[in-house]
Amino acid sequence: MTIGLEHYLVLSAVLFCIGLYGALTKRNAVIILMCIELMLNSVNISLVAFSSYIVPLLLTGQVFAIFVMVVAAAEVAVGLAIILAIYRGLTDIDANNINLMKW
Amino acid sequence: MGLAAAFWIMAVVAVVAALGVIFLRNVFRAALSLVLCFITVAGLYITLSADFLAAVQILVYVGAISVLIILAIMMTREVQQGNPSNKMKLPAFIVAVVLLGIMIYTVTANSWQIAAESPLTPTTVPLAAKLFSESGFILPVEIAAMLILAAILGAIVIAREK
């Protein structure tokens, strides 16, 4: 059985849904950030799979994946800085207890 | 044949590692499981003949982002408190499963127009030509540089001691 585009897309969907479930249910803010990284990675897999199966000579999907990585790196830097700042103020990073800005 | 075996090994390890991120009690072990998932994604890029992206994946995700995450875990001392879930477990599970079903149905029901050519290898030179040429993505590259600079400055300002 040869590996086709669908295999990569289904794997990407599975990883995305695992990350989504974790991002929705976890209470530790660092774990939520890790799950978001998981989701970004799964999107990258499908971008690269599309790039190498549909337009193998154009590489546009890989260029998009590089930009997703750039945004992911920026996001994790700012996100962890925010988590550290919250931890310094509240000594807690439980997402249930971070309700300072809750209306 | 070898490619198929590599794909299946990578896929199984990636899914197990992703489940480990969700279900491991120890936050530090969850972070290590995430690193394993990143490495298998790099392997998947190699099976898709995206060699440059595999190297970037190892450098950026395994090298930098995982170190940042582990540093944050160390500095917040949440390792002992475990990896608890909130009260939204069942609705979130339903949402994730329904979304997964929809995506798998869409992917398998669609007939993709697979190109006949085999993908370019190595990809480093064509990618550089794409990214830095006049007719390519030079403007997004500059914007990405500005984004990174703004993110670094913002992170320093937010995380600095008063």
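Residues numbered from 1 in each chain as written. Chains lettered and ligands numbered in written order. Predicted model: local features only at pLDDT ≥ 70, side-chain atom pairs only at ≥ 80, totals over all residues.

A word on the overall build of chain B
Per the secondary structure count, chain B includes 6 helices and 0 strands. Seen through its principal axes, chain B has C-alpha atoms that stretch 55 × 45 × 30 Å. The buried share of chain B, reckoned over its 162 residues, is 24%. A separation threshold of at least 6 residues defines the contact pool for chain B, and within that pool the share at least 24 residues apart is 53%. (Helix = DSSP H or I, 4+ residues; strand = E, 2+ residues; numbered from the N terminus. Buried ≥ 20, exposed ≤ 12 C-beta atoms within 10 Å, placed from the backbone. Contact = placed C-beta atoms within 7 Å.)

Details of the confidence of the model for chain B
Keep in mind that low pLDDT regions are not for reading the predicted coordinates in detail. In this model, chain B carries a mean pLDDT of 89, and residues with pLDDT of at least 70 account for 97%. This complex was scored by the predictor with a pTM of 0.92 and an ipTM of 0.92. (pLDDT = per-residue confidence, 0-100.)

Focus on the packing of helix 2 (residues 29-53) of chain A against helix 2 (residues 27-47) of chain B
Where helix 2 of chain A meets helix 2 of chain B, the axes come as close as 11 Å, and the angle between the chain directions of the two elements is 10°. As the angle between them shows, helix 2 of chain A and helix 2 of chain B are arranged roughly parallel. For the pair helix 2 of chain A and helix 2 of chain B, the contacting residues are Val30, Ile31, Met34, Glu37, Leu38, Asn41, Ile45 and Val48 of chain A in the first and Val27, Ala30, Ala31, Leu34, Cys37, Phe38, Val41, Leu44 and Tyr45 of chain B in the second. The residue makeup of the contact of helix 2 of chain A with helix 2 of chain B, split by class, is 15 nonpolar, 1 polar and 1 charged. (Axes fitted to C-alpha atoms, helices over the stretch in contact; angles between N-to-C directions. Parallel < 35°, antiparallel > 145°, perpendicular 65-115°, else oblique. Nonpolar A, V, L, I, M, F, W, Y, C, P; charged D, E, K, R; others polar.)

Structural notes on the interface of chain A and chain B
For an interface, size is often stated in terms of accessible area lost upon the parts coming together. With 63 residues of chain A at the contact, the number on the chain B side is 74 residues. Put simply, the parts of the chain that give the side of chain A that touches chain B at least two residues each are helix 1 (5-25), helix 2 and helix 3 (60-90) of chain A. Residue contributions to the side of chain A that touches chain B peak at 20 residues, all from helix 3 of chain A. The residue makeup of the side of chain A that touches chain B, split by class, is 49 nonpolar, 10 polar and 4 charged.

What to know about the domain arrangement of chain B
By domain assignment, chain B separates into domain 1 (1-82) and domain 2 (123-162). Look at where the C-alpha atoms of domain 1 of chain B and domain 2 of chain B centre, and you get two points 23 Å apart. (Domains from an automatic or database assignment.)

Structural notes on the nonpolar core
Most often, soluble globular proteins keep nonpolar side chains buried together rather than apart. Grouped together as the largest cluster of nonpolar side chains are 71 residues, with contacts concentrated most on Val30, Met34 and Leu38 of chain A together with Val21 of chain B. Looking at this core, the elements that each hand over two or more residues are helix 1, helix 2 and helix 3 of chain A together with helix 1 (2-23), helix 2, helix 3 (51-76) and helix 6 (138-159) of chain B. At 15 residues, the largest contribution of residues to this core is made by helix 2 of chain A. Two domains share this core, each providing at least three of its residues, namely domain 1 (1-82) and domain 2 (123-162) of chain B. Those residues in contact with methionine 34 of chain A that lie beyond four places of it in its chain are Val21, Ala30, Ala31, Leu34 and Ile69 of chain B. (Core = buried A, V, L, I, M, F, W, Y, C linked by C-beta atoms within 7 Å.)

Re unusual backbone geometry
Located in the positive-phi region is threonine 91 of chain A, a residue other than glycine, with phi close to 50°. Note that threonine 91 of chain A resides in the segment after helix 3. For threonine 91 of chain A, a count of 9 C-beta atoms within 10 Å translates into the label exposed. Here the phi dihedral of serine 49 of chain B falls at roughly 55°; this positive angle occurs in a residue that is not glycine. Topologically, serine 49 of chain B is positioned in the loop between helix 2 and helix 3.

Some thoughts on the environment of valine 78 of chain A
Within the secondary structure, valine 78 of chain A sits in helix 3. With 18 C-beta atoms counted inside 10 Å, the residue valine 78 of chain A sits in the partly exposed group. Those residues in contact with valine 78 of chain A that sit more than four places away from it in its chain are Ala151, Gly154 and Ala155 of chain B.

Remarks on the confidence of the model for chain A
When the pLDDT values of chain A are averaged, the result is 90; 99% of them are 70 or greater. Across chain A, the element-wise mean pLDDT spans from 91 in helix 3 of chain A up to 94 in helix 1 of chain A.

Some points on helix 1 of chain A
If you check helix 1 of chain A, its first and last C-alpha atoms are 31 Å apart, about what 21 residues at 1.5 Å a residue would give, namely 30 Å. With 16 of 21 residues buried, helix 1 of chain A lies mostly within the body of the structure. (Expected span 1.5 Å × (residues − 1).)

Points about the packing of helix 2 of chain B against helix 3 of chain B
All names here are of chain B. Direction vectors running N to C along helix 2 and helix 3 enclose 175°, while the axes themselves pass 8 Å from each other. With respect to each other, helix 2 and helix 3 are oriented roughly antiparallel. Only Asp51, Leu53, Ala54, Gln57, Ile58, Tyr61, Val62, Ser66, Ile69, Ile70 and Ile73 of helix 3 make contact with helix 2, whose side of the interface consists of Val27, Phe28, Ala31, Leu34, Val35, Phe38, Ile39, Val41, Ala42, Tyr45 and Ile46. By residue class, the composition of the contact of helix 2 with helix 3 is 19 nonpolar, 2 polar and 1 charged.

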